[in-house]
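Given next are the chains, with one letter for each unit.
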Amino acid sequence: MASTAAGKQRIPKVAKVKNKAPAEVQITAEQLLREAKERELELLPPPPKQKITDEEELNDYKLKKRKGFEDNIRKNRTVISNWIKYAQWEESLKEILRARSIYERALDVDHRNITLWLKYAEMEMKSRQVNHARNIWDRAITILPRVNQFWYKYTYMEEMLGNVAGCRQAFERWMEWEPDEQAWHSYINFELRYKEVDKARTIYERFVLVHPEVKNWIKYGRFEEKHGYIAHSRKVYERAVEFFGEDYVDENLFVAFAKFEETQKEFERVRVIYKYALDRIPKHQAQELFKFYTMFEKKFGDRRGIEDVIVNKRRFQYEEEVKANPHNYDAWFDYLRLVENDADPDTVREVYERAIANIPPIQEKRHWKRYIYLWINYALYEELEVKDAEKTRQVYQASLDLIPHKKFTFAKIWLLYAQFEIRQKNLQGSRRVMGTAIGKCPKNKLLKGYIELELQLREFDRCRKLYEKYLEFSPENCTTWIKFSELETILGDVERARAIFELAIGQPRLDMPEVLWKSYIDFEIEQEEFENTRNLYKRLLQRTQHVKVWISYAKYELSIDGPDRLQKCRQIFEEANKGMRNCEEKEERLMLLESWRDFEREFGSESSMERVRKLMPDKVKKRRKLTAEDGSDAGWEEYYDYIFPEDAANQPNLKLLAMAKMWKRQQMVEDEDDNKSPEESPEVAENDKSPQESPEVAEETQTTSDEPAAPPEAERDAEMDRDDEGSSESDSDDDEGKKESKSGGEDKE
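To start, this report covers the structure provided alongside it. (Residues numbered from 1 in each chain as written. Predicted model: local features only at pLDDT ≥ 70, side-chain atom pairs only at ≥ 80, totals over all residues. Heavy atoms only, no water.)

**Notes on helix 3 (residues 80-92)**
Between its first and last C-alpha atoms helix 3 spans 18 Å; for 13 residues at 1.5 Å apiece the expected length is 18 Å, and the two agree. Buried-residue contacts for helix 3 involve helix 2 (55-75), helix 4 (96-109) and helix 5 (114-126). Positive backbone phi, approximately 65 degrees, marks K94, located one or two places after helix 3. (Helix = DSSP H or I, 4+ residues; strand = E, 2+ residues; numbered from the N terminus. Expected span 1.5 Å × (residues − 1). Contact = heavy atoms within 4.5 Å.)

**Looking at the packing of helix 20 (residues 372-386) against helix 22 (residues 411-423)**
Close contact between helix 20 and helix 22 brings their axes to 11 Å; oriented N to C, the two are set at 10 degrees. On the basis of the axis angle, helix 20 is roughly parallel to helix 22. Taken together, the residues of helix 22 that come into contact with helix 20 (itself represented by I372, Y373, W375, I376 and E383) are K412, I413, L416, F420 and R423. (Axes fitted to C-alpha atoms, helices over the stretch in contact; angles between N-to-C directions. Parallel < 35°, antiparallel > 145°, perpendicular 65-115°, else oblique.)

**Quick word on the packing of aromatic side chains**
Applying the stated criterion across every chain, the model contains 26 aromatic pairs. A centroid spacing of 5.4 Å and a plane angle of 35 degrees characterise the contact between F171 and F190, whose relative ring orientation is tilted. Of this pair, F171 sits in helix 8 (residues 164-175) while F190 sits in helix 9 (residues 181-193); the two residues are 19 residues apart in sequence, bridging distant segments of the chain. A relative accessible area of 3% means that F171 is categorised as buried. The class of F190 is buried, set by a relative accessible area of 0%. (Phe/Tyr/Trp six-rings, centres within 6.5 Å; stacked < 30°, edge-to-face > 60°. Buried < 20%, exposed > 50% of the residue type's maximum accessible area, 1.4 Å probe, protein only.)

**Some words on helix 4**
In a regular helix each residue adds 1.5 Å, so 14 residues correspond to 20 Å; helix 4 covers 20 Å between its end C-alpha atoms and thus fits that length. Every buried residue of helix 4 is accounted for by A99, R100, I102, Y103, A106 and L107. All buried residues of helix 4 lie within an arc of 160 degrees about the axis, which places them on one face of the element. Away from the buried face of helix 4 by more than 90 degrees, exposed residues L97 and D108 are located. (Arc of directions from axis to C-beta.)

**Here's the deal with a nonpolar patch on the surface**
Together, V25, I27 and L32 make up a nonpolar patch on the protein surface, roughly 320 Å² of accessible area in all. Tracing the backbone through its elements, the reader meets V25 in the segment before helix 1 (29-39). By relative accessible area, V25 is classed as exposed at 66%. (Patch = residues over 30% accessible without salt bridge, like charges linked within 9 Å, V, L, I, M, F, W, Y side chains within 5 Å. Areas by Shrake-Rupley, 256 points an atom, 1.4 Å probe, with all protein chains shown as cover. Salt bridge = Lys/Arg side-chain N within 4 Å of Asp/Glu carboxyl O.)

**Quick word on the pattern of salt bridges**
Two side chains that carry opposite charge are able to pair once their charged atoms sit near each other. One pass over the full model with this rule turns up 28 salt bridges. Note that E95 and K62 form a salt bridge whose closest N and O atoms lie 4.0 Å from each other. Highlighted residues: E95 in the loop between helix 3 and helix 4 and K62 in helix 2, separated in sequence by 33 residues. By relative accessible area, E95 is classed as partly exposed at 25%. K62 sits in the buried class, given a relative accessible area of 14%. Residue E261 pairs with R234 through a salt bridge whose shortest N-O separation is 2.8 Å. With E261 in helix 13 (residues 251-263) and R234 in helix 12 (residues 230-244), this pair connects stretches of sequence that are 27 residues apart. Here E261 matches R234 in class, with each residue buried. The network of salt bridges with shared partners includes D346, R349, E382 and D388.

Take a look at the structure:
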């Protein structure tokens, strides 16, 4: 590049591109590279080989090369690669002195360059200049003692030369700097190669103090074991345990120690080591320890030992669960079940105390339901396992003091406490507990349990008083009235039982009145008071017209032996049918008629059966419009309805529908008669009727709306005048057939 007189570089002018539009043919970089490869543009021809024929040419060549190297060094002295290339060139010419001089000059420039020292020493070793090489390595490790590569190569050279003492001396100098673990292992392996076990042991002693880690102590112990020094190995492991103490204990050390003892068949020692470790290592850090302990017990332990391992492992798991969430009562239950089976009472009590200390934070019963079972299990454990009655009483009392009875209570714990006192033959204490419970928080379960308790003790007067209290507390509870009456019945006081039933049915509010009435009726039937039972049914029917009551009443009359029992039963069915004409639930009315039909089928005559059959309804399909919640149209819904003949007589729409059907059929018969020949009979004409009926006829066969279409006014009036006596009120198929036959007879006349 040209330069100005002042020495500044001249910047060439850049040609201005006038047309900056893209070329029509675009060339990619890939195409350029492919073309360059094809044309081999990047391949340069090798330089011509120069042959040196005499010494003068060789000296000229050397001078030229040396001048080039010196120029490069002069331009940039800090580029060590130039120095190394220069020295290696001189070395290739066997000019060792010149190469050594170049290396020394380079070291003056940068004496901390590792590559330079390595190349220099390798040159001396290649040229078998051992003392020079030793001198270089000595200088290198003195200047750069933390470069492990110098030490490795130095010791390797001395060992290859057979200078064991010199190599050991180099290692000793190296160990004074306390290098990393690999350097110590190299020194130990060096001593072991020459069978110097004692010296290797000494090195290990220094090594575990310089690098006091568990794995190094384990290696030391295995070293002693490998060379047969069992006592030394055991001593190493014991020293390691003492060295780390209880603050820095590690499970791997104990696992290695236990495996060592296992190989020596010292199984009791192994078991002691594992238990010692499990007692001192935090549970979350002892996973591997548990694993190896379990494997050991499975191989060499008895059943008890294996169970101990499993129990300890599960105990650790439960401890972690309850530590993570103290209000996880299910985890506490599992933990307590475990310790109850395999621990002393003091340990179990400690776990129970820890569990019941986790009181639910919110005073809502749903949060206390699981918690309260901790107290119950605690009390049962003290009573049944430990057999400590006083401690059990204290547990029950503490639990009852803890529960907020003004907001909610648990009848189960009151009843268990009372039953415990009875088992302790403390009847007054049991009654005192139940009296306190009813006074603080009366509830159905408490009262019921107290009554059962007194019943078992055969204290019937107390039971009566309790029932009276119970009914004052909850007069709408039908079960209590029934149980009270059953008690009086058992005791033989029938009048008192009847009075209780009368009081019960006279209550303004009852939760299950049908059960109460049924019990009262069954009571009168058991006492064979048939007239009272009949009066009860009549009183009940004054309150409700339910179909089951009518059916039950009829069955009751049928069950009483007497000459007029069938007549009375039939009379009840008739009264029920009259009473249920206005019932909106047509299924119940149908149920009544079906029950009546079954009765007549078994006990009645043909005429009575025919009478009931005429009362049976017709089942028709209808449609109704559905409306969505937002008021929009939701389509149509099909449903089945029952049309009773008695209702059809009172509803003109249904009568009109029957007449319209009859008129339509008559019109069709007349049209067929006109189109047929005189020889054909009307029956044949009717059978040959075309199956393609009009839409009106198809619609009439299946009622789909509440308002069917009717014939024209004039024809309808004429039809009504003509068929005044012939039209039937029923919509059944048999009645329709009768209407057809009657209409046909009038036409013939």
